[in-house]
Amino acid sequence: RRSRAMEALSPTARARRESLFASHAAGGWWLMPPAPDGHCFVEGHDPFSYAAPAVGLMLAFAVARRMLGRAGVAVGRAVRGQGADQVDWSRFGDVSYFTVCHLALSALFVGAIGGEALGWMADTGVLWEYEQPRLSAGLYGYYVIELAFTGESCVHMLLSLAADSSSRDVPMLIHHAATLLVMLAALRAGFVRVGAAVLFIHDATDLPIDATRLCQSLGWTRSLYASVLATLASWAALRLYAFPRYVVASALLDTTHYLEVFDFVGLKVISVAYTLYVLPLLFLVALHYYWFGLIVLKAGRQLGLLPSGEKKRKAA
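The rules behind these values
Residues numbered from 1 in each chain as written. Predicted model: local features only at pLDDT ≥ 70, side-chain atom pairs only at ≥ 80, totals over all residues. Heavy atoms only, no water. Phe/Tyr/Trp six-rings, centres within 6.5 Å; stacked < 30°, edge-to-face > 60°. Helix = DSSP H or I, 4+ residues; strand = E, 2+ residues; numbered from the N terminus. Buried < 20%, exposed > 50% of the residue type's maximum accessible area, 1.4 Å probe, protein only. Lys NZ or Arg CZ within 6 Å of the ring centre and 35° of its normal. 1 Å grid on protein atoms, 1.4 Å probe; cavity = no way out; pocket = protein on both sides within 12 Å on 5 of 7 lines; lining within 4 Å. Points joined across faces, edges and corners; volume = space filled by probe spheres on them. Nonpolar A, V, L, I, M, F, W, Y, C, P; charged D, E, K, R; others polar. Contact = heavy atoms within 4.5 Å. Polar contact = N/O pair within 3.5 Å; in protein donor to acceptor, adjacent residues only side chain to side chain. Axes fitted to C-alpha atoms, helices over the stretch in contact; angles between N-to-C directions. Left-handed = near helix turned anticlockwise from the far one by under 90°. Salt bridge = Lys/Arg side-chain N within 4 Å of Asp/Glu carboxyl O. Core = buried A, V, L, I, M, F, W, Y, C linked by side-chain atoms within 4.5 Å. Parallel < 35°, antiparallel > 145°, perpendicular 65-115°, else oblique. Expected span 1.5 Å × (residues − 1). Arc of directions from axis to C-beta.

### Here we look at the packing of aromatic side chains
Move 1: On inspection of all chains with the given rule, the structure shows 22 aromatic pairs.
Move 2: Each ring, one from W29 and one from F264, has its centre 6.2 Å from the other, and the planes form 90 degrees; the classification is edge-to-face. Taken as a pair, W29 in the loop between α2 (11–25) and β1 (41–42) and F264 in the loop between α9 (258–261) and α10 (267–302) lie far apart in primary sequence, 235 residues in all.
Move 3: Look at W29 and you get buried, because its relative accessible area is 8%.
Move 4: Summarising the aromatic geometry, the rings of F262 and F264 are spaced 5.8 Å apart at their centres and angled 50 degrees between planes, so their arrangement reads as tilted.
Move 5: Grouped by ring-pair contacts, the aromatic residues F21, W29, W128, Y130, F191, Y258, F262, F264 and Y277 constitute a single cluster.
Move 6: Over the ring of W235 we find R239; its NZ or CZ atom is 4.0 Å from the centre of that ring.

### Here we look at the layout of surface pockets
Move 1: The space that makes up the second largest pocket amounts to roughly 320 Å³.
Move 2: Only α8 (221–253), α9 and α10 provide two or more residues apiece to the lining of the second largest pocket.
Move 3: With six residues, α10 is the single largest residue contributor to the lining of the second largest pocket.
Move 4: Per-class residue counts for the lining of the second largest pocket are 16 nonpolar, three polar and no charged.

### Focus on the environment of S23
Move 1: The topology assignment puts S23 in helix α2.
Move 2: Its relative accessible area of 23% is what places S23 among the partly exposed residues.
Move 3: Here the alpha-carbon distance between S23 and P33, two residues ten residues apart in the chain, equals 8.4 Å.
Move 4: What S23 contacts, discounting residues up to four positions off in sequence, is G28 and W29.
Move 5: Polar side-chain contacts of S23 include one of 3.0 Å to the backbone oxygen of L20.
Move 6: Polar side-chain contacts of S23 include one of 2.9 Å to the side chain of W29.

### Here's the deal with the packing of helix α3 (residues 51–80) against helix α4 (residues 89–122)
Move 1: Two elements in contact, α3 and α4, have axes whose closest approach is 7 Å; the angle formed by their N-to-C orientations is 115 degrees. At the point where α3 passes α4, the crossing takes the right-handed sense. Contact with α3, carried on its side by F61, A64, R65, L68, G69, G72, V73, G76, R77 and R80, involves W89, F92, G93, D94, S96, Y97, F98, V100 and C101 of α4 and no other residues of that element.

### Points about the pattern of salt bridges
Working definition: two side chains of opposite charge can pair if their charged atoms are close together.
Move 1: Tallied over the entire structure, the rule returns seven salt bridges.
Move 2: Residue D263 is joined to R17 by a salt bridge in which the shortest nitrogen-to-oxygen separation is 2.7 Å. Of the two residues, D263 is situated in the loop between α9 and α10 and R17 in helix α2; the sequence distance between them amounts to 246 residues.
Move 3: Taking the relative accessible area as the measure of exposure, R17 reaches 9% and is therefore buried.
Move 4: The partner of R65 in a salt bridge is D94, and the shortest N-O contact between them spans 3.9 Å. A residue pair is termed long-range when its members are at least 10 positions apart, and R65 in helix α3 and D94 in helix α4 qualify at 29 residues.
Move 5: Residue R65 is classed as buried on the basis of its relative accessible area of 7%.

### Digging into unusual backbone geometry
Move 1: Cis geometry is adopted by the peptide bond preceding P36, which originates at A35 and carries an omega value of 10 degrees.
Move 2: Within the secondary structure layout, P36 lies in the loop between α2 and β1.

### Notes on the nonpolar core
Move 1: In terms of nonpolar packing, the biggest core is built from 54 residues, with W120, Y130, Y143, F243 and F262 touching the most fellow members.
Move 2: The element that contributes the greatest number of residues to this core is helix α7 (residues 192–218), accounting for nine residues.
Move 3: Ignoring any residue separated from it by four or fewer positions in sequence, one finds Y143 in contact with Y50, M183, A186, L187, V192, G195, A196 and L199.
Move 4: Within the second largest apolar cluster, ten residues are counted, among which are L224, W235, L240 and I295.

### With respect to the packing of helix α6 (residues 170–189) against α7
Move 1: In contact at an axis separation of 7 Å, α6 and α7 are set at 155 degrees when each is read in the N-to-C sense. By the angle class used here, α6 and α7 are roughly antiparallel. You can see that α6 and α7 cross each other, and the crossing is left-handed. Touching T179, M183, A186 and L187 of α6 are V192, G195 and L199, all from α7.

### Section: α2
Move 1: Over its 15 residues, α2 runs 21 Å from end to end, which matches the ideal 21 Å to within 8%, given 1.5 Å per residue.
Move 2: Here α2 has its buried residues at A13, R14, R17, L20 and H24. All buried residues of α2 fall inside an arc of 115 degrees around its axis, so they share one side. Turned more than 90 degrees off the buried face of α2, the exposed positions are P11 and T12.
Move 3: Taken from the residues just after α2, G27 is the one with a positive phi, measuring 80 degrees.

In structure tokens:
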């Protein structure tokens, strides 16, 4: 007797699943089916089709980094006026570049696939269905651009670290490398919609942090306060609520059908795959709450609501 999960599959998806069963029985794979198959069936999805356009766009992002960085420094010097010698303009140029990129990527997500994303929120189960519809052109393009942006950032920071071992880019390199790893894993397994949702949440909440750094460098006190409040609000809404509510909860509650779809691999293998998907998401949630606590403390000091570390040392 067929299970509900199997009855819901189209003939094409059922045939693909039978092909995976045969290749697994023949010893062709253990945890991840051979490409282009993944853990879900997305019509027309080929993870390797993203490689060439992403590499080409990485070069474009490298050029954009230099142009936007220089433009940001030129504008910043003109605006700052007095006290310009106190600003780390190299860092300011980098933040200017990331600000533009995070703004553009967030706008692209909303404009190109915002309607789709509302559907994911209404029914989070679609993120983890075994059979998923073909990716829209907007979603495909968004993911390619995100791959290029993150890949170029990793390469740039790695080269900076190679040139200067004391570079402050180490934490950001780890962050971007982890992001790229998650993106590639989601792409390979077929869960592109999950990857896109995670990327948007991070881009949208990085943007006010970028604004905070720019305002601090430029000495814009009122704008600094506004960007700090925007950071707290966006993190609370997206990273502390939306991410656990729509992504993590769905990973925990909307994936039980894989016990039926992949029953031929055995419970042990399913448990390993499930752990590899869920643990990183739970780890991200923990990091978000930890980072939010640090942001609250720093914001309290910047807004004068909490004593700064320097005042504490003077008092001691």
